[in-house]
Amino acid sequence: MERVPSTVLNEEILRRLDLQTLSSLACLNRSFRLLVYSQALPSLTSLHFSTMSPDGQTLEIILGRCKGLNSLTLNCLRLQDHPLSAFLCPTIQELNLWCCSSLSYQFLTYIAHRCPNLRLLILELADKNLPDVFRSKLALMLKRCLYLESLSLKIRGPAVDANSFGSIEFLLPSTVKMLKLQPVLEQDAIRIIRTVGRNLMETEILSIPTSPFCKLQSLSLVLDIITDQLLLTITNSVPLLVELDLEDRPNKEPMPDYDLTNNGLQSLCFCQHLTALSLVRSRLRHQGAFKRVNDMGMFLLSEGCKGLEAVKLCGFSKVSDAGFAAILHACQNLKKFEVRNALFLSDLAFHDLADIPCALVEVRLLSCQLITSETVKKVASSKSLEVLDLGGCKSIADSCLSSISCLNNLTELNLTGADVTDSGLSVLGQGSMPIRNLCLRGCKRVTDKGISRLLCGGAIGQLLTALDLGYMAGISDKTILTVAAACVGIISLCIRSCFYVTDSSMEVLARKRTFQDGSKQLRRLDVCNCICLSADSLRWFKRPLFQGLHWLGIGQTCLASQGDVTEIYEERPWLTLCLDGCEMGCQDGWHFHRP
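Calculation notes
Residues numbered from 1 in each chain as written. Predicted model: local features only at pLDDT ≥ 70, side-chain atom pairs only at ≥ 80, totals over all residues. Heavy atoms only, no water. Helix = DSSP H or I, 4+ residues; strand = E, 2+ residues; numbered from the N terminus. Buried < 20%, exposed > 50% of the residue type's maximum accessible area, 1.4 Å probe, protein only. Contact = heavy atoms within 4.5 Å. Areas by Shrake-Rupley, 256 points an atom, 1.4 Å probe, with all protein chains shown as cover. Axes fitted to C-alpha atoms, helices over the stretch in contact; angles between N-to-C directions. Parallel < 35°, antiparallel > 145°, perpendicular 65-115°, else oblique. Nonpolar A, V, L, I, M, F, W, Y, C, P; charged D, E, K, R; others polar. Phe/Tyr/Trp six-rings, centres within 6.5 Å; stacked < 30°, edge-to-face > 60°. Right-handed = clockwise from strand over helix to strand, strands pointing away. Left-handed = near helix turned anticlockwise from the far one by under 90°. Patch = residues over 30% accessible without salt bridge, like charges linked within 9 Å, V, L, I, M, F, W, Y side chains within 5 Å. Salt bridge = Lys/Arg side-chain N within 4 Å of Asp/Glu carboxyl O. Pairing = 2+ DSSP bridges.

Novice: Could you give an account of the overall build of the protein chain, naming the residues involved and the relevant values?
Specialist: Of regular secondary structure, the protein chain possesses 21 helices and 20 strands. In the protein chain, which comprises 595 residues, the proportion classed as buried is 54%. Sequence separation of at least 24 residues holds for 75% of the intrachain contacts in the protein chain that already meet a minimum separation of 6. As displayed, the protein chain has an accessible area near 25500 Å², and 51% of this comes from carbon and sulfur atoms.

Novice: Break down the packing of helix α11 (residues 295-304) against helix α12 (residues 321-330) for me, with residues and values.
Specialist: Two numbers describe how α11 lies on α12: the axes approach to 8 Å, and their chain directions differ by 5°. In terms of their interaxial angle, α11 and α12 are classed as roughly parallel. Residue-level contacts link D295, M298, F299, L301, S302 and E303 of α11 to A322, G323, A326, I327 and A330 of α12. The class makeup of the residues in the contact of α11 with α12 is seven nonpolar, two polar and two charged.

Novice: Which residues make up the side chain of S492, and what values do they have?
Specialist: Note that S492 resides in strand β17 (residues 492-494). Contact partners of S492, with chain neighbours within four places excluded, come to T465, A466, L467, L522, R524 and M584.

Novice: Please provide a residue-by-residue account of the packing of aromatic side chains, values included.
Specialist: Tallied over the full model, the rule gives six aromatic pairs. Summarising the aromatic geometry, the rings of F134 and F165 are spaced 5.8 Å apart at their centres and angled 80° between planes, so their arrangement reads as edge-to-face. Note that F134 is positioned in helix α7 (residues 131-144) and F165 in the loop between β5 (150-156) and β6 (178-184), a separation of 31 residues in sequence. Like F134, the residue F165 is buried in the burial classification.

Novice: Tell me what's going on with the pairing of strand β1 (residues 46-49), and back it up with residues and numbers.
Specialist: Burial along β1 is one-sided: the face carrying L47 and F49 is buried and the face carrying S46 and H48 is not. For the handedness criterion, the β-α-β arrangement of β1, helix α4 (residues 56-63) and strand β2 (residues 71-75) is classed as right-handed.

Novice: Let's hear about the environment of G470: which residues, and what values?
Specialist: One can find G470 in the loop between β16 (466-468) and α18 (477-486). For G470, a relative accessible area of 0% translates into the label buried. For the pair G470 and I495, spaced 25 residues apart in sequence, the C-alpha to C-alpha distance is 4.4 Å. Ignoring sequence-local partners within four residues, the contact set of G470 consists of R441, G442, C494, I495, R496 and C498.

Novice: Any details on unusual backbone geometry? Residues and values, ideally.
Specialist: Residue Q182 is joined to P183 through a cis peptide bond whose omega torsion reads -5°. When you line up the elements, P183 lands in strand β6. The omega angle of the peptide bond from R543 to P544 is 10°, so this bond is cis rather than trans. In this structure, P544 sits in the loop between β18 (524-526) and β19 (551-553). Of note, the phi angle at N529 is positive, near 60°, even though the residue is not glycine. Along the chain, the position of N529 falls in the loop between β18 and β19. On the basis of relative accessible area, N529 is assigned to the buried category, the value being 18%. A positive phi angle is found at F546, which is not glycine, with a value near 50°. By the secondary structure assignment, F546 is in the loop between β18 and β19. Accessibility expressed as a relative area gives 6% for F546, which makes it buried.

Novice: Can you break down the environment of V527 residue by residue, with the values?
Specialist: Relative to the assigned elements, V527 resides in the loop between β18 and β19. Sequence spacing of V527 and L493 is 34 residues, and the spatial spacing of their C-alpha atoms is 8.8 Å. Dropping the residues within four chain positions of it, V527 is found in contact with I495, R496, M506, L533, G553, I554 and T557.

Novice: Quick rundown of the packing of helix α6 (residues 107-114) against α7? Include the residues and the values.
Specialist: Contact geometry of α6 with α7 gives a least axis separation of 8 Å together with a crossing angle of 10°. Overall, the two elements α6 and α7 adopt an arrangement that is roughly parallel. Between α6 and α7 lies a crossing whose hand is left-handed. Where α6 approaches α7, its residues L108, T109, I111, A112 and H113 are matched on the opposing element by F134, K137, L138, L140, M141 and R144. Of the residues belonging to the contact of α6 with α7, the class tally is seven nonpolar, two polar and two charged.

Novice: Summarise a nonpolar patch on the surface; cite the residues concerned and give the values.
Specialist: Together, F499, Y500 and I531 make up a nonpolar patch on the protein surface, roughly 320 Å² of accessible area in all. Along the chain, the position of F499 falls in the loop between β17 and α19 (503-510). For F499, a relative accessible area of 34% gives the class partly exposed.

Novice: Describe in detail the pairing of strand β11 (residues 336-340), supporting the description with residues and values.
Specialist: When strand β10 (residues 310-314) meets β11, the two strands line up parallel, connected through five bridges. Each residue of the ladder has a partner; that of L313, found in β11, is V339. As paired elements, β11 and strand β12 (residues 362-366) share five bridges and run parallel to each other. Across the sheet, residue R340 finds its bridge partner in β12, namely L366.

Limitation: the analysis is restricted to geometry and does not speak to function.
Have a look at this one:
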């Protein structure tokens, strides 16, 4: 290393390495550690710690040596105010803080005083049941951060006060182009948006060329309910919107005159610059759906918003093939198309997809029970397709897998619950798709033989980074051996509820790097409800094995009740050990589990 010029070492080598690689390099010997601490870390301008949650001591070791950061992304699950606030400084322009379950509202004050030059701020805070304190601290922060262009504020909790963002419309900096709030009441949202529009109107009357608020181009809200009045207010007040993302979670059936209807969709025609639209009704204590929107609403939307490039629709239970097909045909620039829980969406909507001029890049059809392999064959005519998500479409069968295998740009494929077999996976394995993320969850007719045919001999095994084989009764230790040997790049593996996976699989995965040189370490592993795992298999998760593991799900297994779990925590302070049966990453990574 002494023979390498310092400029080459810094500019051409160290600056190209990510944080995890630099950390591994520092562990090799004292010379490399000195090199990383004295040259690599001080030269970093951005730091992204989103896949793991460091504690205060670790953060001090790393951030204490980073002198000129302008972008910081952190998973704050294990962090409190003091360790983190010590590293806030005026050079930071982008601050992205996730899972801030232990940060107080006082932290907003630290941001206000120490990061006056922020351009982007994303905060995910826990509800402290102190809405007045939150509003006062938020007001101070917004008054001091005068250059904000992107603001995302999310408050998490079982009973969050949806009035927390009251009066925020009077505090927003004039530079804000993107605004995301969760949760917010529909009435408060209307007031916020009307204030934006009123400022715009007053400026036009005074013949001032630009308005402080006319820069708003992206709006994302999670509400109690989406109504016609809300959409009318948005289109009348902020006509220059480029992206609109609305999600509601009603706790009861909406009233007929207080809901989204065809008229509300028609009003979106006034947003002539709109390129991305997401309308989602989630389920909260009941089956949620937009029951007052039908095909006519989709016809009006497609005719008025022909410039749409991305569309996401969830809960439109009264819309049929004609309505969804209208969007596919009218929006010639459409790249992303997602529909969830559409009861009447069938193959007919995609019948003449090959004649449509748009070049789809991402298609997601989730829990659409009438979709079959015929739709997949039509969708596969778009050779630019990169993402194909068919989760919950149970009529997908082997006959369409040959069409999928010809998609040379496909990087993500979800076949959850599909009726595919070993023969179909053999066909898929012969393709040249650069798939990085593959989900076969719940494919009950697939066995060890099918996984072997899929992963061995083709490109898929070499390129996969994430694989979900959960709820597959037909796989055993043989499949895990195949994965360990063939998938050199895999970092995320789910085998939950695979009842024939035993301790032998844990040993194979623990020694995975011995199969091939350059094999990556697993970062996330889900073995929840693998009932054949014995308590003895916990020893494979102790140091020095599984060195790169960040998240481990062992809920509903013999491993979850053992005293050795505490020892694993002590050895690996960065490891999130989930005992509750959560999905990979604890759904959204919010929960922090301790024995």
